[in-house]
Amino acid sequence: MARKTEAAGKKREKPEPRNPLPRRDPKERARDFEEVALGFDEEAALAEARRCLQCKRPTCVEGCPVGVDIPGFILALKEKRFAEAVRVLKDRNNLPGICGRVCPQETQCEEVCVLARQGDPVAVGALERFVADWDREHGAGVLSEQGGRGAVAGGKVLPNRREREGDHRGVKVAVIGSGPGGLTAAADLARYGYRVTIFESLHAPGGVLRYGIPEFRMPREILDQEVAYVESLGVEIETDVLVGKTVTLDELREEGFEAFFVATGAGLPWFLHIPGENLAGVYSANEFLTRVNLMQAYRFPEYRTPVRVGKRTAVIGGGNTAMDSARSALRLGSEVSLLYRRTRAEMPARAEEVENALAEGVVLRELTIPVRMLGDKEGHVRAVECLRAELGEPDASGRRRPVAVEGSEFDVPVDTVIVAVSQSPNPLLPRSEPDLETRKDGRLVVNPETGETNMPGVFAGGDIANDAGTVFAAMGDGKRPARAIHEYLERKQRAASESG
Ligand code: FAD
Ligand code: SF4
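Criteria and thresholds
Here the residue numbers are simple positions, counted from 1 along each chain's written sequence. Chain letters start at A and ligand numbers start at 1, both assigned in the order the entries are written. Where local features are concerned, this predicted model is filtered to residues with pLDDT of at least 70; where side-chain atom pairs are given and counted, the filter is 80 or more; whole-chain, interface and lining totals use all residues. The side-chain values count all of the structure's non-hydrogen atoms but skip hydrogen atoms and water molecules. Strands here are runs of E lasting at least two residues and helices are runs of H or I lasting at least four, both read from the DSSP assignment and numbered beginning at the N terminus. The buried label applies to any residue whose accessible area, calculated with a 1.4 Å probe on protein chains only, is under 20% of its type's maximum; exposed applies above 50%, and partly exposed to all values in between. Pairs of residues are marked as contacts when any of their non-hydrogen atoms sit within 4.5 Å. The cutoff for a nearby residue is simple: one of its non-hydrogen atoms must lie within 4 Å of the molecule or strand. The residue classification treats Ala, Val, Leu, Ile, Met, Phe, Trp, Tyr, Cys and Pro as nonpolar and Asp, Glu, Lys and Arg as charged. All others, Gly included, are polar. Any pair of N or O atoms that falls within 3.5 Å is considered a polar contact. Within protein, one atom must be able to donate a hydrogen and the other to accept it, and sequence-neighbouring residues count only if both atoms are side-chain atoms. All accessible areas in this document rest on Shrake-Rupley with a 1.4 Å probe, and a residue is counted as covered only by the protein chains that are shown. For each domain, the first and last residues come from an automatic or database assignment. For any pair of parts, buried area is found by adding up, for both, the accessible area (1.4 Å probe) each one loses once the two are put together. By definition, a salt bridge exists where a carboxyl oxygen of Asp or Glu is found within 4 Å of a side-chain nitrogen of Lys or Arg. Working definition of a nonpolar core: buried Ala, Val, Leu, Ile, Met, Phe, Trp, Tyr and Cys residues. They are joined through side-chain atoms within 4.5 Å. Each axis is a line fitted through C-alpha atoms, and for a helix only the stretch in contact is used; angles between axes span 0 to 180 degrees, taken between their N-to-C directions. Any angle between 65 and 115 degrees counts as roughly perpendicular, while under 35 counts as roughly parallel, over 145 as roughly antiparallel, and the rest as oblique. The path from the first strand over the helix to the second decides the hand: if it runs clockwise while the strands point away from the viewer, the crossover is right-handed. Whether two strands pair comes down to DSSP finding at least two bridges between them.

> Just give me the short version of the overall build of the protein, but keep the residues and values in it.
For the protein, the helix and strand inventory stands at 19 helices and 18 strands. Dimensions of the protein, computed from the C-alpha atoms along their principal axes, are close to 75 × 60 × 50 Å. Among the 500 residues that make up the protein, the fraction classed as buried is 54%. Long-range contacts, defined here as pairs at least 24 residues apart, represent 69% of the contacts in the protein between residues at least 6 apart.

> Provide a residue-level description of the site of ligand 2, including the pertinent values.
Neighbouring residues of ligand 2: Cys52, Leu53, Cys55, Pro58, Thr59, Cys60, Pro71, Cys113, Val114 and Val122. Classifying every residue of the shell around ligand 2 gives nine nonpolar, one polar and no charged.

> Go over the site of ligand 1 with me, naming the residues and quoting the values.
Near ligand 1, the surroundings consist of 36 residues, among which Val102, Glu200, Arg217, Asp463 and Val471 are the closest. Contact distances for ligand 1 include 2.5 Å between a nitrogen atom and a backbone N or O atom of valine 102. Contact between ligand 1 and serine 201: a nitrogen atom at 3.1 Å from a main-chain N or O atom of the residue. In isolation ligand 1 exposes 1000 Å². Once the protein is present, 96% of that is buried. Elements with a minimum of two residues in the shell around ligand 1: α11 (180-192), α16 (320-331) and α19 (471-499).

> Would you mind going over the side chain of serine 337 in detail, with residue names and values included?
As for its position among the elements, serine 337 is in strand β10 (residues 335-339). Once you skip the residues sitting within four places of it in the chain, serine 337 turns out to touch Thr313, Ala314, Val315, Val363 and Arg365.

> Explain the domain arrangement of the protein to me, using residue names and the numbers behind them.
Each domain of the protein was delimited in the assignment, giving domain 1 (13-138), domain 2 (160-267 + 425-499) and domain 3 (270-424). Taking only C-alpha atoms into account, the centre of domain 1 sits 28 Å from that of domain 2. With 26 residues of domain 1 in contact, the opposing surface of domain 2 contributes 28 residues. In this assembly, domain 1 packs against domain 2 so that about 2300 Å² is buried in total across both faces, 68% of it on carbon and sulfur atoms. Counting across the domain 1 and domain 2 interface gives one salt bridge. Arginine 136 is paired through a salt bridge with glutamate 221; the nearest N and O atoms lie 3.3 Å apart. Counting across the domain 1 and domain 2 interface gives nine residue pairs in polar contact (both at pLDDT 80 or more). Counting residues per element, the ones that place at least two in the side of domain 1 that touches domain 2 are α6 (82-92), α7 (96-102) and α8 (124-137). Residue contributions to the side of domain 1 that touches domain 2 peak at six residues, all from α7. Among the residues making up the side of domain 1 that touches domain 2, the classes are represented as 13 nonpolar, four polar and nine charged.

> Residues and numbers for the environment of glycine 234, please.
Along the chain, the position of glycine 234 falls in the loop between α13 (220-232) and β5 (236-238). Overall, the relative accessible area of 12% leaves glycine 234 in the buried class. Along the backbone, glycine 234 and alanine 190 are 44 residues apart, and their C-alpha atoms lie at a distance of 6.2 Å.

> Lay out the nonpolar core with the relevant residues and their values.
In terms of nonpolar packing, the biggest core is built from 71 residues, with Ile70, Phe73, Leu77 and Leu127 touching the most fellow members. Broken down by element, this core gets its largest block of residues, eight residues, from α19. If we ignore the near neighbours within four places in the chain, the residues touching isoleucine 70 are Cys60, Val61, Cys64, Cys109 and Val124. Of all hydrophobic cores here, the second largest spans 28 residues; its members include Ala30, Leu289, Val292 and Ala357.

> Any chance you could break down the environment of arginine 101 for me, citing the residues and the numbers?
In this fold, arginine 101 is placed in helix α7. With relative accessibility at 7%, the residue arginine 101 sits in the buried group. Residues arginine 101 and glycine 39, 62 residues apart in the sequence, show an inter-C-alpha distance of 9.1 Å. Setting aside its immediate chain neighbours within four residues, arginine 101 contacts Glu35, Arg129, Asp133, Arg217, Met218, Pro219, Ile222 and Arg350. At a separation of 2.8 Å, a polar atom in the side chain of arginine 101 contacts the side chain of glutamate 35.

> Describe the packing of α8 against α13, with residues and values.
At a minimum axis distance of 12 Å, the contact between α8 and α13 shows a crossing angle of 75°. Relative to α13, the element α8 is oriented roughly perpendicular. In this structure, α8 contributes Ala132, Asp133 and Arg136 to the contact, and α13 contributes Glu221, Ile222, Gln225 and Glu226. When the residues that make up the contact of α8 with α13 are grouped by side-chain class, the tally is two nonpolar, one polar and four charged.

> Hey, could you go over the pairing of strand β4 (residues 195-199) for me, with residue numbers and the actual values?
Extensive coverage of β4 is indicated by the burial of four of its five residues. Once the chain exits strand β3 (residues 172-176) it traverses α11 before rejoining the sheet at β4, and the crossover so formed is right-handed. For β4 and β5, the ladder comprises three bridges, and the chain directions are parallel. Looking at the pairing, phenylalanine 199 lines up with glutamate 238 of β5.

> Residues and numbers for the sheet that holds strand β9 (residues 312-316), please.
As summarised here, the arrangement of the five strands in space is β8-β16-β9-β10-β11, forming an open sheet in which the pairing is parallel. Of all strands in the sheet, those bounded by a partner on one side alone are β8 (282-284) and β11 (363-365). Direction aside, the axes of adjacent strands within the sheet are offset by 20° on average. Pairing geometry for β9 and β10, over five bridges, is parallel. Bridge assignment links alanine 314 to a residue of β10, and that residue is serine 337. This element, helix α15 (residues 285-294), spans β8 and β16 (416-419) of the sheet and lies at about 85° to β8.

This is the structure:
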């Protein structure tokens, strides 16, 4: 097998260790919402790029849900052809500054990088971030659009927005939801030449990237810049429009939209359904993070959104949402315990974020199962009653199941609890379109190759259709349906011209 030979050929030399990504001092960063990871400087980026073996059959590309030419952009970077590195990266990835910061590369491209078999994989995510930041700092990207040089796609420079006005085929496509799935599909559809409008229910675009992930991981400046890049391709964004309530799909059809991409995400919080969960001081992570991030409660009194965090906070869960909640509560001045029913090894959160949270002072209480919340006379939470757990046989997720130890009850004293156990798909749109087929868990049934639903012209992707629950997976889910929508509209046009 060619891949084996290639790896074997490199086997004699153990790869140099990977260049560490600099981060701010944990004590200092735990007190503010500024970005934690600082990114590579040019010297470190070039050194890391030199570690890449430029494999003939790059396994890393197979691990990338949007199929970025990883060795291609790394080669251009290594040779200091920075603008070319940007071009190669943006050819497949419309949101590289975001991906370079929040994608779990350790379970995607980096996991299957050939160097991972002998040592550290190439730091693909950090290089992606470096290239995206170079683009932003050097006025390429969005500025190239506004300045009239045009965005790049498929190795060609596209005409700028004004030149493209007449280029649209007059065919309107609606994208519902402006998270990574919606933004990616919209950008690709605009590149195909369609008139694309994104409808977003919140007052600002970005989905979880804006209302869920805090500034210290996803600076809003980067998000704004990448949203502006998508707009520069010709995409219109209408905020404060709740599709299914403010306007229905039928009404949008009457307005001339011929195809739809639904990317409404999974923002409905789960609760534990244990006694005391309705006490004052108990938040869902969704509500807590939306107050802190979207409504900028941490900038009180400049922003007048209240968020009450007491002296001791318990966050329940072990995923990215739990980590973001814990680190936000810490920054709001609380002592934070993370109650997790399995152990650190089974945590679904990005490894880097768990490490960051613990370094900042979040205390992890492993093998801890909350069973009840206890209140004071005023109805405010004062403790979480828990049981100790042991790990049993693996469950459907492949992780060992926590088994409660009888009689091991203990209390964790708290003033605030944040429940961050999981989310379900947003139900509003599926409910308003009862003909749309849904799964038991509320997700839309789609063709996995095309994202097509059972309703002609309606496609879907991201967390509303799949349970991968990552930014990159949502972006991959935006790319495939964009192509399928293009093919659907071409077939429709052909049929119309044949019959007419
Ligand atoms: P979303 O990002 O959920 O966006 C959906 C959008 O649709 C929202 O803006 C919503 O307001 C809008 N909408 C909903 N209903 C309607 C409607 N009826 N009409 C109009 N608009 C509507 N993944 C990672 O890879 N790395 C991470 O570090 C990471 N951290 C995370 C941290 C948190 C706190 C959370 C909650 C998730 C995290 N994830 C992470 C998961 C990742 O963010 C999601 O998988 C991803 O955002 C899903 O993208 P999406 O486009 O499907 O939907
Ligand atoms: Fe090979 Fe890893 Fe470089 Fe990809 S990133 S080309 S797998 S060495």
